[in-house]
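Structure assessment
As a plain string of letters, each chain reads:
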Amino acid sequence: MRAAASRRIDREIETVRTMIGMYCAAQHGGAAGLCENCAELAAYAERRVRACRFGADKPTCQRCPVHCFRPESREAIRRVMRYAGPRMAWRHPVMALRHLLVGRREAPTLGKEGAR
Ligand SMILES: [Zn+2]
């Protein structure tokens, strides 16, 4: 994998972890770190992102045509995004901006294979 692409994926994972951290601190009082469920969700999300079939061309998950998260984790991450998304802009403006820019990339087209 190209270095730039792998950096992008590292940043995406960092962003997801940051958002889960904000959500957990506010909703679960996990000030000293993630609660068990959120830690598990973060680890799961990282595994999925690293296993992404698009590799170097990975779009942001929001725009991805493949829904690779299991349904309950997808629901959980959606709750996190709904909470942390609007707050990212002022808590972590640089990260939010970067995420927005990456989000503009079009998802590569893909055959009809669906989720794994
Ligand atoms: Zn939590």
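Residues numbered from 1 in each chain as written. Predicted model: local features only at pLDDT ≥ 70, side-chain atom pairs only at ≥ 80, totals over all residues. Heavy atoms only, no water.

Re the coordination of the zinc ion
Note on the zinc ion: its protein donors are Cys 24 (SG), His 28 (ND1), Cys 35 (SG) and Cys 38 (SG). The metal-donor distances range over 1.9 to 2.3 Å. One can describe the donor arrangement at the zinc ion as tetrahedral, given that its four donor atoms subtend angles of 104 to 120° at the metal. Mapped onto the polypeptide sequence, the residues donating to the zinc ion form the spacing pattern C-x3-H-x6-C-x2-C. Take Cys 35: its relative accessible area is 23%, and that puts it in the partly exposed class. Since its relative accessible area comes to 4%, Cys 38 is described here as buried. (Donors = N, O, S within 2.8 Å, 3.2 Å for Na, K, Ca; no water. Tetrahedral: all angles 85-135°; square planar, octahedral: opposite > 155°, others 65-115°. Buried < 20%, exposed > 50% of the residue type's maximum accessible area, 1.4 Å probe, protein only.)

Examining the nonpolar core
Residues Ile 20, Leu 41, Phe 69, Ile 77 and Val 80 are the most contacted members of the largest nonpolar core, which totals 19 residues. For this core, the secondary-structure elements that each account for two or more residues are α1 (3–28), α2 (36–50) and α3 (71–91). Sequence-distant contacts of Phe 69, that is, excluding residues within four places in its chain, are made with Tyr 44, Ala 45, Arg 48, Arg 74 and Ile 77. (Core = buried A, V, L, I, M, F, W, Y, C linked by side-chain atoms within 4.5 Å. Helix = DSSP H or I, 4+ residues; strand = E, 2+ residues; numbered from the N terminus. Contact = heavy atoms within 4.5 Å.)

A look at α2
Taking 1.5 Å of rise per residue, the 15 residues of α2 would be expected to cover 21 Å, and the 21 Å separating its terminal C-alpha atoms lies within 8% of that figure. Taken together, the buried positions of α2 are occupied by Cys 38, Leu 41, Ala 42, Tyr 44, Ala 45, Arg 48 and Val 49. Projected onto a plane normal to the axis of α2, the buried residues spread over an arc of 165° and lie on a single side. (Expected span 1.5 Å × (residues − 1). Arc of directions from axis to C-beta.)

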